[in-house]
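Structure at a glance
Now for the letters of each chain:
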2 protein chains.
Amino acid sequence: MGDHVSGKGLKRADLARRTGCNLETIRYYEKIGIMPEPPRTASRYRVYDERHVARLRFILRGRELGFSLDELRELLRLVDRGTQTCAEVKTMTEQHLAEVRTKIADLKQIEKVLAATAAQCSGGEVPECPVLETLAS
Amino acid sequence: MGDHVSGKGLKRADLARRTGCNLETIRYYEKIGIMPEPPRTASRYRVYDERHVARLRFILRGRELGFSLDELRELLRLVDRGTQTCAEVKTMTEQHLAEVRTKIADLKQIEKVLAATAAQCSGGEVPECPVLETLAS
DNA sequence: GATAAGGTCTGTAGTAACTACAGACTCAAA
DNA sequence: TTTGAGTCTGTAGTTACTACAGACCTTATC
């Protein structure tokens, strides 16, 4: 069913396989309205096509790049509107890029403290520990 | 009440002020067993002392350094046992450090893609957009 | 045709680490 | 005494999933 109708009807598991997405996540994306409700067979099985594959890939790629689902929803809204401008998308991307850079800076600071502290450890069977002192300070 | 008993009884809001911790978070940490249940007044108000301040600061500092609550629970268990060794703590720290470094590497890769893509944007009022093409690819 | 295996359906619960709120109670000061 | 502020409890909401139970459907095999 689905697949033989026109040679391109995909079931949920097919969509999952094609995109690498988790099976349940597809349903979740539909529920929160970031993936459109697909047509159904008579017995209520979801039927996807290539546009669903493309959209889900877009979302997954965006997630890989650290966009939140809300940001992707907005990005997709611009795409769907069909009249988005490069300027709008660029602004969102630069905002996100700034957040990513902030996170990197935060983590680098954490790394610095952890590395410096661990380096002070004797690693021996002693109760004194620089890490615990750092945490307590 | 609390404060005048011996000059060091702290109420929940006092503990929050002293540590910078959110008021509700204190109750949450108690609920999940990472902060001990403090003694109570007759009317069931929590009463904290300096040891609670120290422990909460330990937790908050650990969170700042990216340790999970589970990791901190383990760290505190070692502390409470009183016989922890520097070696045990060092191992946990180095494991965490490795995770932090992985996260930094991931984010740097993301940053690279985002920066390169945004740089390609004309920023103009055109519908073509390198960001969207990157996401779709 | 019967049956068994596997896919899909729904709703719901669990995860991390909080944060916030409602409604009841208590405390301190004017 | 009354008012305002603080505290108590339990519970719900957040992000982005993931997993499961129990019912239904489809497909293959005999």
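Residues numbered from 1 in each chain as written. Chains lettered and ligands numbered in written order. Predicted model: local features only at pLDDT ≥ 70, side-chain atom pairs only at ≥ 80, totals over all residues. Heavy atoms only, no water.

All names here are of chain B. Interhelical geometry of helix α2 (residues 12–19) versus helix α3 (residues 23–31) gives an angle of 105 degrees and a closest axis separation of 9 Å. Classed by the angle they form, the pair α2 and α3 counts as roughly perpendicular. Residues Arg12, Ala13, Leu15 and Ala16 of α2 touch α3, and the partners they reach there are Leu23, Glu24, Ile26 and Arg27. (Axes fitted to C-alpha atoms, helices over the stretch in contact; angles between N-to-C directions. Helix = DSSP H or I, 4+ residues; strand = E, 2+ residues; numbered from the N terminus. Parallel < 35°, antiparallel > 145°, perpendicular 65-115°, else oblique. Contact = heavy atoms within 4.5 Å.)

A word on the UniProt feature "domain: HTH merR-type" (unreviewed entry) in chain A. Mapped onto the present numbering, the UniProt feature "domain: HTH merR-type" (unreviewed entry) falls on residues 15–78 of chain A. Split by type, residues 15–78 of chain A is 61% helix and 0% strand. Its first and last C-alpha atoms lie 24 Å apart. (UniProt positions renumbered as here; feature names shortened; annotations may be inferred.)

Another aspect to go through is the nonpolar core. Leu75(A) and Leu75(B) are the most contacted members of the largest nonpolar core, which totals 72 residues. With residues near it in sequence (within four places) discarded, Leu75(A) still touches Phe58(A), Phe67(A), Val89(A), Met92(A), Leu132(B) and Leu135(B). (Core = buried A, V, L, I, M, F, W, Y, C linked by side-chain atoms within 4.5 Å. Buried < 20%, exposed > 50% of the residue type's maximum accessible area, 1.4 Å probe, protein only.)

Tracing the chain through its elements places Gln84(B) in the loop between α5 (69–81) and α6 (86–120). Relative accessible area serves as the criterion here: at 8%, Gln84(B) is assigned to the buried category. Contact partners of Gln84(B), with chain neighbours within four places excluded, come to Val126(A), Pro127(A), Leu132(A), Leu78(B), Val79(B) and Val89(B).

The subject of this paragraph is the packing of helix α5 (residues 69–81) of chain A against helix α6 (residues 86–120) of chain A. When two helices pack together, their arrangement is given by the angle between their axes and by how far apart the axes lie. All names here are of chain A. Here α5 crosses α6 at 165 degrees, and the two axes come no closer than 11 Å. The angle between α5 and α6 places the two elements in the roughly antiparallel class. α6 is crossed by α5, and the crossing has left-handed handedness. Side by side, α5 and α6 meet where Glu71, Glu74, Leu75, Leu78 and Arg81 of the first sit next to Glu88, Val89, Met92, His96 and Glu99 of the second. Each residue belonging to the contact of α5 with α6 can be placed in one class, and the counts come to four nonpolar, one polar and five charged. (Left-handed = near helix turned anticlockwise from the far one by under 90°. Nonpolar A, V, L, I, M, F, W, Y, C, P; charged D, E, K, R; others polar.)

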